[in-house]
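Residues per chain, in single letters:
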Amino acid sequence: MSLTSDPPIDPAAGTPGGPAAKNAAGPGTDYGELTVVPARHPWRWAAIAVTAVLVAQFISGLVTNPGWEWDVFAQFFAAPVILKAVWLTLQLTFYGTALGFALGIVLAFMRLSASPFLRTVAYGYIWAFRSIPLIVQLLFWFNLAYLYKELQFGIPFGPGFFTFDTLNLVGAVSAAVLGLALHQAAYAAEIVRGGVLAVGSGQLEAAAALGIPKLRQLRKIVLPQAMRSILPNAANEIISLFKGTSIVSVMAIGELFYQVQVVYGRSGRVVPLLMVATAWYILLTTALSVIQYYVERHYAKGAVR
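Residues numbered from 1 in each chain as written. Predicted model: local features only at pLDDT ≥ 70, side-chain atom pairs only at ≥ 80, totals over all residues. Heavy atoms only, no water.

(A) Broad picture of the environment of tyrosine 299. Inspection of the secondary structure puts tyrosine 299 in helix H13 (residues 270-299). Its relative accessible area of 28% is what places tyrosine 299 among the partly exposed residues. In sequence terms tyrosine 299 and proline 224 are 75 residues apart; their C-alpha atoms lie 6.9 Å from each other. For tyrosine 299, the contacting residues outside a window of four places in its chain are Pro224, Met227, Arg228 and Leu231. (Helix = DSSP H or I, 4+ residues; strand = E, 2+ residues; numbered from the N terminus. Buried < 20%, exposed > 50% of the residue type's maximum accessible area, 1.4 Å probe, protein only. Contact = heavy atoms within 4.5 Å.)

(B) Layout of the side chain of glutamine 137. The topology assignment puts glutamine 137 in helix H6 (residues 134-142). Excluding anything up to four places from it in sequence, glutamine 137 contacts Phe129, Ile132, Gly179 and His183.

(C) Inspection of the packing of helix H4 (residues 80-111) against helix H9 (residues 172-197) at higher detail. Following both chains from N to C, one finds H4 and H9 inclined at 45 degrees, their axes separated by 5 Å at the closest point. Put simply, H4 runs oblique to H9. In the crossing of H4 with H9, the sense of the turn from one axis to the other is right-handed. Of the residues that constitute the contact of H4 with H9, the class distribution is 20 nonpolar, four polar and three charged. (Axes fitted to C-alpha atoms, helices over the stretch in contact; angles between N-to-C directions. Parallel < 35°, antiparallel > 145°, perpendicular 65-115°, else oblique. Left-handed = near helix turned anticlockwise from the far one by under 90°. Nonpolar A, V, L, I, M, F, W, Y, C, P; charged D, E, K, R; others polar.)

(D) Representation of the layout of surface pockets. Looking at the largest pocket, its volume works out to about 450 Å³. For the lining of the largest pocket, the secondary-structure elements that each account for two or more residues are H4, helix H11 (214-244) and H13. By residue class, the composition of the lining of the largest pocket is 15 nonpolar, three polar and one charged. (1 Å grid on protein atoms, 1.4 Å probe; cavity = no way out; pocket = protein on both sides within 12 Å on 5 of 7 lines; lining within 4 Å. Points joined across faces, edges and corners; volume = space filled by probe spheres on them.)

(E) Just the pattern of salt bridges, in detail. Tallied over the entire structure, the rule returns three salt bridges. Between arginine 269 and glutamate 69 there is a salt bridge whose closest N-O contact spans 2.9 Å. A residue pair is termed long-range when its members are at least 10 positions apart, and arginine 269 in the loop between helix H12 (256-267) and H13 and glutamate 69 in the loop between helix H2 (42-64) and helix H3 (70-77) qualify at 200 residues. Note on arginine 269: relative accessible area 36%, which makes it partly exposed. You can call glutamate 69 partly exposed: its relative accessible area is 24%. As a salt-bridge pair, glutamate 190 and arginine 111 come within 3.1 Å of each other at their nearest N and O atoms. (Salt bridge = Lys/Arg side-chain N within 4 Å of Asp/Glu carboxyl O.)

(F) Here's a closer look at the nonpolar core. By size, the foremost hydrophobic cluster in this structure holds 25 residues, and its most contacted members are Leu92, Leu107, Tyr125, Leu180 and Val248. Listing elements by their share of this core, those giving two or more residues are H4, helix H5 (116-131), H6 and H9. By residue number, the principal contributor to this core is H9, which donates eight residues. (Core = buried A, V, L, I, M, F, W, Y, C linked by side-chain atoms within 4.5 Å.)

(G) Broad picture of a nonpolar patch on the surface. Together, Ile132, Ile135, Val136, Leu139 and Val250 give the surface a local cluster of nonpolar side chains, amounting to about 360 Å² of exposed area. One can find isoleucine 132 in the loop between H5 and H6. Owing to a relative accessible area of 37%, isoleucine 132 belongs among the partly exposed residues under this scheme. (Patch = residues over 30% accessible without salt bridge, like charges linked within 9 Å, V, L, I, M, F, W, Y side chains within 5 Å. Areas by Shrake-Rupley, 256 points an atom, 1.4 Å probe, with all protein chains shown as cover.)

This is the structure:
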């Protein structure tokens, strides 16, 4: 007598899938002869069709709408005044990025320091410069001579040895670079700090046990691994800074956006001149993205993804 609840197997039926079972199931049960039909996705095809129609309409509007004035766009795209403005925009981006990340690295390691005083100072700097809008910072540095007529270098709280006239020392471009760099440093510090914290502490403990100096640990162990986490966020910040240079137009600096405003203020061709600025921003942002890809691929060597 069976001790389970399974029904008895009929020997005449054979094992499941055997010849007797196939004969009992009738024709069409040979799975090798079945036709595989893919699942239908009608709503996906409907979404593709709607999106394709919208994209086609947008492209058609760009080509056929005379309001875009592509002839005016072609006339000013490579004009000397525009190229000069693009060059100034690239300079502001380069100096702001270089100085900002140099200071940001210092602030990041101050926040990671064992000293409560250094951590507090770094946190206070990051809190202040992330809280104040960039346009306010730029206007503050631009009007620095209103607060300080001259700057002295010498003994702290004592006599000064060198004196500089603030009005001549901090011009419009210098104030723009200073404001962009100090603003960028606050964000760069958090990016670098996050990348360093992403490296496992066990590796530093193993390096210390082997007697590797701390500076070499930083250069050879921490930073190469931290760069994998730092690079994507750093590239986003650089691209944001590149586009954010347009805000210095409030200081009448002849960067790309300001120069475009001047040209369409004289000619009245607002839309094609805005498209000139847009095309240059897209072109240079794409170039920065390509550079980001190759730099990330370099630091990703040996990484398991």
